[in-house]
Amino acid sequence: VRSLIIDKLPNVKNKIFMLESSIDGNQLKIKKKNKALMTKYNLSENNPIIMSLARLSTSEDKGQNRVLKALPKVLKKYPNLKYMIVGSGSDDRVDKILKKNPILAKNVIKTGEFKNIERVDYLNIADLYILPSKLDGFLITFIEALACGIPVIASNKYGCPNGLLNGKLGFSVDPDDSDLISKTIISFFDNKASKNFYDRKFLRRETLAIYGLPLWNKKVN
């Protein structure tokens, strides 16, 4: 948006700055996997877990359906992996894929609506957060996951690469490339990604240094 404004009004270039989304690091923390939620969804430490925490909607394009298309190749390598789709709403594309693939559906957990107070516990269940959206920019859910020390897979468009500090905090993928999405997930669980992606304290520290509420307050005051 900033670049579009500057293209039309070049004289304001030095008067415009980006005010990033911010999060409260006191609310979003690194925690152990919640035992009650693990039991509720029949999960164990033997289940690698990827997660999308976002509202389901047929009219939107968050990307849960594209994760499902990439999942069969991942399950060949990691058959115990679970994909948690956390959020209310419905998406006809997701429902269609799961209906056609009952075996795939066994590895997918749709939680439905959840209480906001549970958000941090849900995020901390995940080993990897993924949301290859096509219409959104750098979503605040990415920052929330990172503040919990969970690495992120996001789109390679719409400001997401910059939001992830060009690969420092997570992966950027072509949301239409299911092969690349599956390879990226496999690479992470094969321990072939950047070593920083496995350092939860690093991810949290670097995220709060940029998106933490104190810095946001400093910019607006």
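Nothing here was measured: the structure is a model prediction, and the numbers come from that model.

The rules behind the values
- Residues numbered from 1 in each chain as written.
- Predicted model: local features only at pLDDT ≥ 70, side-chain atom pairs only at ≥ 80, totals over all residues.
- Heavy atoms only, no water.
- Helix = DSSP H or I, 4+ residues; strand = E, 2+ residues; numbered from the N terminus.
- Buried < 20%, exposed > 50% of the residue type's maximum accessible area, 1.4 Å probe, protein only.
- Areas by Shrake-Rupley, 256 points an atom, 1.4 Å probe, with all protein chains shown as cover.
- pLDDT = per-residue confidence, 0-100.
- Pairing = 2+ DSSP bridges.
- Right-handed = clockwise from strand over helix to strand, strands pointing away.
- Salt bridge = Lys/Arg side-chain N within 4 Å of Asp/Glu carboxyl O.
- Contact = heavy atoms within 4.5 Å.
- Phe/Tyr/Trp six-rings, centres within 6.5 Å; stacked < 30°, edge-to-face > 60°.
- Core = buried A, V, L, I, M, F, W, Y, C linked by side-chain atoms within 4.5 Å.
- Axes fitted to C-alpha atoms, helices over the stretch in contact; angles between N-to-C directions.

Turning our eyes to something else, we now look at the overall build of the chain. Tallying secondary structure elements over the chain gives 11 helices and 8 strands in all. With 221 residues in all, the chain has 47% of them scored as buried. Of the roughly 11,900 Å² that the chain leaves accessible, carbon and sulfur atoms contribute 52%.

What follows covers the confidence of the model for the chain. Mean pLDDT over the chain: 89, with 88% of residues reaching 70 or higher. Ranking the helices and strands of the chain by mean pLDDT puts strand E3 (residues 82-86) first, with 98, and helix H11 (residues 213-220) last, with 56.

The subject of this paragraph is the pairing of strand E7 (residues 152-155). Where a strand is regular, its side chains alternate between the two sheet faces. Note: strand E6 (residues 128-131) against E7, 3 bridges, orientation parallel. Within the sheet, the bridge partner assigned to Tyr-129 lies in E7 and is Val-152. The β-α-β motif built from E6, the intervening helix H7 (residues 140-147) and the parallel element E7 has right-handed crossover chirality. Alignment of E7 against strand E8 (residues 170-173), held across 4 bridges, turns out to be parallel. Across the sheet, the residue bridging to Ile-153 is Phe-171, located in E8.

Counted according to the given criterion, the structure contains 14 salt bridges. Across the pair Asp-179 and Lys-73 runs a salt bridge whose closest N-O atoms are separated by 2.3 Å. Taken together, the residues span a long stretch of sequence, with Asp-179 in helix H9 (residues 178-189) and Lys-73 in helix H3 (residues 64-77) at a distance of 106 residues. A relative accessible area of 34% places Asp-179 in the partly exposed class.

All right, on to the environment of Ser-90 then. Structurally, Ser-90 is set in strand E4 (residues 89-90). By relative accessible area, which is 42% here, Ser-90 ends up partly exposed. Setting aside anything within four residues of it in sequence, one finds Ser-90 in contact with Leu-56, Ser-57, Thr-58 and Asp-95.

Enumeration over the complete set of coordinates arrives at 7 aromatic pairs. Here the aromatic rings of Tyr-129 and Phe-142 are separated by 6.0 Å at their centres, their planes lie at 85 degrees, and the arrangement is edge-to-face. Placement of Tyr-129 in strand E6 and of Phe-142 in helix H7 is noted, with a sequence separation of 13 residues between them. Grouping residues by exposure puts Tyr-129 and Phe-142 together as buried. Taking the centre distance of 4.8 Å and the plane angle of 75 degrees together, the rings of Phe-171 and Phe-197 count as edge-to-face. Here Phe-197 lies in the loop between H9 and helix H10 (200-211) and Phe-171 lies in strand E8, a separation of 26 residues in the sequence. Each member of the pair, Phe-171 as well as Phe-197, is classed as buried.

Looking at soluble globular proteins, one finds that nonpolar side chains tend to be buried together. In terms of nonpolar packing, the biggest core is built from 66 residues, with Ile-50, Leu-71, Met-84 and Ile-185 touching the most fellow members. Per element, the largest residue contribution to this core is 6 residues, and it comes from H3. Setting aside residues up to four positions removed in sequence, Ile-185 forms contacts with Ile-50, Val-74, Leu-81, Leu-128, Ile-130 and Ile-153.

Turning our attention to unusual backbone geometry. Phi at Asn-42 is positive, roughly 55 degrees, even though this residue is not glycine. You will see that Asn-191, though not glycine, has its phi angle at about 60 degrees, which is positive. Along the chain, the position of Asn-191 falls in the loop between H9 and H10.

A separate point is the sheet that holds E3. Reading across from one edge, E5-E3-E1-E6-E7-E8 is the order of the 6 strands in this open sheet, with parallel pairing throughout. The open sheet has two edge strands, strand E5 (108-112) and E8, and neither has a second partner. Taken over all neighbouring pairs, the strand axes of this sheet differ in orientation by 25 degrees on average, direction set aside. Those strands touched by H3 are strand E1 (49-53), E3, E5 and E6, and its axis lies near 170 degrees from that of E3.

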